[in-house]
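Listed here are the chains, written in short residue letters.
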Amino acid sequence: MDTPARGLPAPPPPGSAALPPGTYGGQVVLVTGGGSGLGRAIAAEFARLGADLVIAGRRAGQLEAARAELAAVPGAGRVTAAVCDIRDPERVADVFDAAEAALALPDVLVNNAAANFPCPAEDLSPNAWRAVVDTTLTGTWFMTREFGRRHLAAGTPGSIVNIGASYAWTGGPGFAPSAAAKAGVKNLVETLAVEWGPYGIQINGLVPGLFPHADMSEDIRGGLERAAPGAKDARQPALRVGVPRELGWAATFLASPYARFVTGHTLVVDGANWQRRSLVSPEVVPLREQLGRPPFGH
């Protein structure tokens, strides 16, 4: 008799911590894109473990709301917010200056900020390409460079977690600039782990699967509904989607004292969805048709 499919068990309840209380006590954690979505969920788990937080983003109002929410997390240290466009290296330096003035040099950097939208490659304008790549890859590099240079100058260890995407390995039809940029982010993990390891700086990648949250953009939310109206769980090998705190737990582990010998690695947290294959390949539907766009040139 066949075993009934139940999927992967649900995670522990909200408020649970993956590491001992106070693991990040006395440490400063800087999270880009920390004012919303998965960035805020990641920041919350660092806060729960006692970290002092700096959340950076481009929208002051959103950051302030997130700052107040994170400061109320049980166990949280001090929380401050910094408006920053990570595409501008001078503004990036300003954020680190502000963090040092208010708290201290960040011990942990989480590069979560990114840009993305679905579009056939042939329809991408030069500005659209730059908008995604300059934020996702170049902005990540500017943040990483500033963090690394300050720790190298101070002679102190540090930990970096870069949020990636599984199409860094597979390619991402409909998301060409993001896929190319995330492949670069993954390569930075592997390159800098070797370059900076001798100085005590570790760097790892973290790839989220499907983690629905209130701040998802309308185009991504609409794409999910078109692909699986009302049945997104059944399209995952886990038979469920991810809960944002699960990604936060993975981030806190990778940056923690318990993972000091883990560097240059990219951890995928997606219930094996990116490895899923069918016995028979589905019919190929051109991307333009999937997005409801007319033939090119019409």
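Preceding this paragraph is the structure being described.
Predicted model only: the values in this text are computed from it and were never measured.

Parameters at a glance
- Numbers given to residues run from 1 along each chain, matching the order in which its sequence is written.
- Only residues with pLDDT of at least 70 get local features here, since the model is predicted, and only at 80 or more are side-chain atom pairs given and counted; chain-wide, interface and lining totals rely on the full set of residues.
- Values reported for side chains reflect all heavy atoms of the structure, with hydrogen atoms and water molecules removed beforehand.
- Numbered from the N terminus, helices here are DSSP runs of H or I no shorter than four residues, and strands are runs of E no shorter than two.
- Residues are treated as being in contact if the distance between any of their heavy atoms lies within 4.5 Å.
- A 1.4 Å probe that fits but cannot get out identifies a cavity on a 1 Å grid over protein atoms alone, an open set with protein on both sides within 12 Å along at least five of seven lines counts as a pocket, and a residue lines either if it has an atom within 4 Å of a point.
- Grid points are joined across faces, edges and corners, and a volume is the space filled by probe spheres set on the points.
- Under the scheme applied, nonpolar residues are Ala, Val, Leu, Ile, Met, Phe, Trp, Tyr, Cys and Pro; charged residues are Asp, Glu, Lys and Arg; polar residues are all the others, including Gly.
- A pair of Phe, Tyr and Trp rings is counted when the ring centres sit within 6.5 Å of each other, with Trp represented by its six-membered ring. The angle between the planes then sorts it: under 30 degrees is stacked, over 60 is edge-to-face, the rest tilted.
- Only protein chains enter the accessibility calculation, which uses a 1.4 Å probe. A residue is then buried if its area is under 20% of the maximum for its type, exposed if over 50%, and partly exposed in between.
- Strands qualify as paired when DSSP identifies two bridges or more between them.

A. Representation of the side chain of Lys186. Along the chain, Lys186 falls in helix H6 (residues 176-196). Excluding anything up to four places from it in sequence, Lys186 contacts Ala168, Trp169 and Thr266.

B. Molecular detail of the layout of surface pockets. Computed from the structure, the second largest pocket encloses a volume of approximately 240 Å³. Lining the second largest pocket are 16 residues, with Ala41, Ala44, Glu45, Pro244 and Arg245 sitting closest to its centre. When residues of the lining of the second largest pocket are traced back to their parent elements, those giving at least two are helix H1 (37-48) and helix H8 (244-254). Tallying contributions element by element places H1 first for the lining of the second largest pocket, with seven residues. The residue makeup of the lining of the second largest pocket, split by class, is seven nonpolar, three polar and six charged.

C. The arrangement of the packing of aromatic side chains in detail. For the structure shown, the criterion picks out three aromatic pairs. Judged by centre distance (4.9 Å) and plane angle (70 degrees), the ring pair of Tyr24 and Phe46 falls under edge-to-face. Of this pair, Tyr24 sits in the segment before strand E1 (28-32) while Phe46 sits in helix H1, and the two are 22 residues apart along the sequence. When its relative accessible area of 0% is taken as the criterion, Phe46 is described as buried. Geometrically, the ring pair formed by Tyr167 and Phe175 is stacked, given 6.1 Å between the ring centres and 25 degrees between the ring planes. Here Tyr167 falls in the buried class, since its relative accessible area comes to 17%. Given a relative accessible area of 22%, Phe175 falls into the partly exposed group.

D. Quick peek at the pairing of strand E4 (residues 108-111). Both faces of E4 are covered, namely the face carrying Val108 and Val110 and the face carrying Leu109 and Asn111. Across three bridges, the pairing between E1 and E4 is parallel. If you follow Val31 over to E4, its bridge partner there is Val110. Pairing geometry for E4 and strand E5 (residues 158-163), over four bridges, is parallel. Its bridge partner being in E5, Leu109 is matched across the sheet by Ile160.

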